[in-house]
Amino acid sequence: MEIKVIDSIDELMLYKVEWDSILKEINNDILFLEPDWILFWWKFFGDKHDLFVLIVFNDEEIAGICPLMITNKAIYNEIRFIGNRESSSNDFILRDKYREEAFECICNFLRNLEGKNIIAFDVISEQSANYALLNKYLKVNKVPFVSKEVICYFLNLKDNSFKDHFEHRFGKKTRQTMNGKEKKLKNLGNLAYKRVVTSDEIDEVFEIHEKRWLRKIGNSSFSKGGTKEFYKELALNKNMKFNINVDAIKLNNRIISFMYGFEYNSKYLSLRIAHDDDFYFLSPGELVFKKKIEECFSSQIGVFDFGLGYEPYKAKWTDDYKRAYNTIMPSDNLLSRLIFYIKFWTRIKLIIALKKNKRIYNFKKYYLGKIKYFFTSKNISDKITRIKRAVERDGLLSIIAKSFITSTGKIFSHKQYLILEKNIEIVELPQSNMQVKEAEMDDLDALSKAMNESPSSIVRRFINKYKCYITLHDGKIIHYCWIDCSSIEISNIKLNILFGKSEVHIYEAFVEKKYKNNYEYILSNVFNLLYRNSFRKCYITVNSSEKSFENEIYKKIFHPRYKVFEKRLLNTVKHNIVELK
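Scope of this entry: the structure provided in the associated data block. These figures come from a predicted structure and were not determined experimentally.

## Some thoughts on the environment of L31
1) Next: Locating L31 in the fold gives a position in the loop between helix 2 (16-25) and helix 3 (35-45).
2) Next: Through-space distance from the C-alpha of L31 to that of K267 is 9.8 Å; in sequence the pair is 236 residues apart.

## A short note on the packing of aromatic side chains
1) Next: This structure, assessed with the given rule, holds 53 aromatic pairs.
2) Next: The interplanar angle of 45 degrees and the centroid separation of 5.8 Å between the aromatic rings of F81 and F121 together place this pair among those described as tilted. Separated by 40 residues along the polypeptide, F81 in strand 4 (residues 77-81) and F121 in strand 6 (residues 117-125) bring together distant segments of the chain. Taken as a pair, F81 and F121 share a single burial class, namely buried.
3) Next: Both rings, one in F222 and one in Y231, keep their centres 5.0 Å apart while their planes meet at 40 degrees; by these two values the pair is tilted. Comparing F222 with Y231, the two get one shared label, buried.
4) Next: If you follow K343 out to its NZ or CZ, it ends over the ring of F344, 5.9 Å from the centre.
5) Next: The ring of Y531 has R536 lying over it, and the distance from NZ or CZ to the ring centre is 3.6 Å.

## Details of the pattern of salt bridges
Proximity of charged atoms lets side chains of opposite charge pair with each other.
1) Next: Taken as a whole and judged by the stated rule, the model has 43 salt bridges.
2) Next: Among the ionic pairs, E167 bridges to K163, the shortest N-O distance being 3.1 Å. One end of the pair, E167, and the other, K163, are both in helix 6 (residues 162-169), four residues apart, so they sit about a helical turn from each other.
3) Next: As a salt-bridge pair, R169 and D319 come within 2.9 Å of each other at their nearest N and O atoms. Of this pair, R169 sits in helix 6 while D319 sits in the loop between helix 11 (312-317) and strand 13 (321-330); the two residues are 150 residues apart in sequence, bridging distant segments of the chain.
4) Next: Accessibility expressed as a relative area gives 22% for R169, which makes it partly exposed.
5) Next: Owing to a relative accessible area of 56%, D319 belongs among the exposed residues under this scheme.
6) Next: Among the charged side chains, a network of salt bridges with common partners joins E18, E25, E61, R95 and K97.

## Comments concerning the side chain of S257
1) Next: Relative to the elements of secondary structure, S257 occurs in strand 10 (residues 254-264).
2) Next: Within the structure, the side chain of S257 is placed 2.8 Å from the backbone oxygen of P284, a separation counted as a polar contact.
3) Next: Apart from residues no more than four positions distant in its own chain, S257 is found in contact with I208, D247, A248, I249, A274, H275, P284, G285 and V288.

## Quick word on the sheet that holds strand 17 (residues 476-484)
1) Next: If you trace the eight strands from one edge of the open sheet to the other, you get 15-16-17-20-21-14-22-23, paired in mixed fashion. At either margin of the open sheet sits one strand with a lone partner, and together these are strand 15 (434-438) and strand 23 (572-579). Each neighbouring strand pair of the sheet contributes to a mean axis angle of 25 degrees, computed without reference to strand direction.
2) Next: Here strand 14 (residues 412-423) pairs with strand 22 (residues 559-569) via 10 bridges, running antiparallel. Bridge pairing links E421 to H559 in strand 22.
3) Next: Strands strand 14, strand 15, strand 16 (467-473), strand 17, strand 20 (503-511) and strand 21 (537-543) of the sheet are contacted by helix 18 (residues 519-532), whose axis makes an angle of about 35 degrees with strand 15.

What counts and how
- Residues numbered from 1 in each chain as written.
- Predicted model: local features only at pLDDT ≥ 70, side-chain atom pairs only at ≥ 80, totals over all residues.
- Heavy atoms only, no water.
- Helix = DSSP H or I, 4+ residues; strand = E, 2+ residues; numbered from the N terminus.
- Phe/Tyr/Trp six-rings, centres within 6.5 Å; stacked < 30°, edge-to-face > 60°.
- Buried < 20%, exposed > 50% of the residue type's maximum accessible area, 1.4 Å probe, protein only.
- Lys NZ or Arg CZ within 6 Å of the ring centre and 35° of its normal.
- Salt bridge = Lys/Arg side-chain N within 4 Å of Asp/Glu carboxyl O.
- Polar contact = N/O pair within 3.5 Å; in protein donor to acceptor, adjacent residues only side chain to side chain.
- Contact = heavy atoms within 4.5 Å.
- Pairing = 2+ DSSP bridges.
- Axes fitted to C-alpha atoms, helices over the stretch in contact; angles between N-to-C directions.

This is the structure in structure tokens:
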């Protein structure tokens, strides 16, 4: 047998028909071995590598193909499968009748290369016939090597239904929790599971991934630089031998979770999944995963491949997994062996040992990402921005005073509140360039900025069925008020006050100071909206010790109804309510 080295794409294209023929002959189910994938990947990343495709000939017939590339690492060369960073499975492409001889021919060729070379066969499945040959070759020829195991979960979808599998894997209480979170999302707006098809939607997917990976440790290249452009163009490409699917959970017009994956030869392969951290407590990532598995059960997909690596959410859906191995060895010369032992053998053995330590593994998985995020420029910038907004809004002295009162008040405090009431009626109002409306999820980012509060905490308010009314001027929120439609609360404690279905309580409100002369007009608009929503009485609570223009306006248009005395001692809070009429 002889080996021919292909080092140009033009020359490689001459063998594309034969390549496709061999893949069909061996019933290939690895999409990363398809010429379509390799050529597309090379288009984006080939300038950083040298093509090194090995074609094995038995006389005039092609016995096999090994799609490799060489990467120059200054003092040595790395030889790997093409696209190894983006490929979750690789292998040799060998005809069965020539497999053993062709495999040995390739390995001998690589081992006998001149120069300092490190050969890495990444992510070869233990189920591959070539993996058994690799182990045999390493043992017989006493080749120094190091190998790292990777877990790959999968789920057989044939001869079962989604409903039966879902009920078998998840207990009744867990299913109720999952369904309850989905219901809460539906209550926030129009919730839909949809295929992402436009360029703008793909960009939104990358933004979510980038935002999510700020708090995680791992490979975040999916949403960065050239890799991002690669996956974007791939998702928009409809001319491949495999399908690229980007599925998403959308809330109104906003993507809150997505799943990027491939369909190939009756198998679905999950590549990336992420959710918007603003909605993390409602598990939108879990929801898109569930919807995708349900879709695959109802289609012609036979196997759902969860992708590389162990994750708790994968193990919830299946017990089946296969192992794949990253095997690294040097060329057969002294300098290659020295580089191998110093740079690779020692590092990989250390990684394997650390992964076996559950404390270290859990620290990296659940805490290190949060620590990393704390020191990111994004987090620091956000905190500085919020401090600036707070100073602009309330003044530095006011912030210091409130912080002092809040910190000391956690130990002991004695406060007095006045609960005011107003009967709501429709009032004729002149037209204005200010727009008063009920806030929706589409206003989340603007509301977060206006309130100087995280979007996730605002989502929680909506989940708790609080209403928010906002006033817009020149597209900016200048006023907001939060309304409780079920009770009156002070210090997060529900007061024992009779509260009717047509009554509401304004528990938080703000208006920019330069609009204080318009505040009565703004409130009148809010009352009109409340009246149209069948509310007839409105309460508002003011702290008797606080002097502000807002409180003066409230006392002008509302009437006193209750006086509340609050006493706090550590975690104990007591309220004494006095009715004023």
